[in-house]
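Fold and geometry: a report
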Amino acid sequence: MIHATWKDRTSVKMVKCIHTNAEKYVVNNMLTAGKTYEVKNETEEFYFVVDNSGHIGGYFKDYFETV
C-alpha cells in the first residue's frame, strides 16, 4: 500500500503545470497553470502530485512539463 505513505516520501522530481484544458475532467480546481508541483510517484501515463487541495492527486502527464 505505497499510496498510504506518498505524502511523507521525498519527491521524485518537480513538474510545472502548463495548462488545465481537460477534455473529460475538471482539473482547474486542483491545478494552476504556471505553478510547480512535487511529483510523489509516476507511472507511464500519470504523475501523482501534491495538488492545490494539499492531497495527492493523479493527473495525465500532458498537463505538465519537467522543470
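For the structure itself, look to the data block above.
Here goes a summary of the coordinates provided. Numbering of residues starts from 1 in every chain and runs along the sequence as written. Owing to the predicted nature of the model, reporting of local features is limited to residues with pLDDT of at least 70; listing and counting of side-chain atom pairs is limited to 80 or more, with chain, interface and lining totals taken over all residues. In computing side-chain values, all of the structure's heavy atoms are included and hydrogens and water are not.

1. What to know about the packing of aromatic side chains
- Only centres within 6.5 Å qualify two rings of Phe, Tyr or Trp (six-membered ring in Trp) as a pair; their planes then separate them into stacked at under 30 degrees, edge-to-face at over 60, and tilted for everything else. Enumeration according to the criterion identifies four aromatic pairs in this entry.
- Aromatic side chains Tyr37 and Phe64 sit 6.3 Å apart centroid to centroid with 80° between the ring planes, which places their arrangement in the edge-to-face category. In this pair, Tyr37 is assigned in strand S2 (residues 36-42) and Phe64 in strand S5 (residues 64-66), connecting sequence segments 27 residues apart.
- Here Tyr37 falls in the buried class, since its relative accessible area comes to 1%.
- We call a residue buried when its accessible area falls under 20% of the maximum for its residue type, exposed when it is over 50%, and partly exposed in between, using a 1.4 Å probe and counting protein chains only. A relative accessible area of 7% means that Phe64 is categorised as buried.
- Ring plane angle 45° and centroid distance 6.4 Å describe the contact between Phe46 and Phe48, whose orientation is recorded as tilted.
- Accessibility expressed as a relative area gives 26% for Phe46, which makes it partly exposed.
- When its relative accessible area of 19% is taken as the criterion, Phe48 is described as buried.
- Put simply, the rings of Tyr37, Tyr47 and Phe64 pair up and form one aromatic cluster. Numbering of helices and strands runs from the N terminus, with a helix taken as a DSSP run of H or I at least four residues long and a strand as a DSSP run of E at least two residues long.

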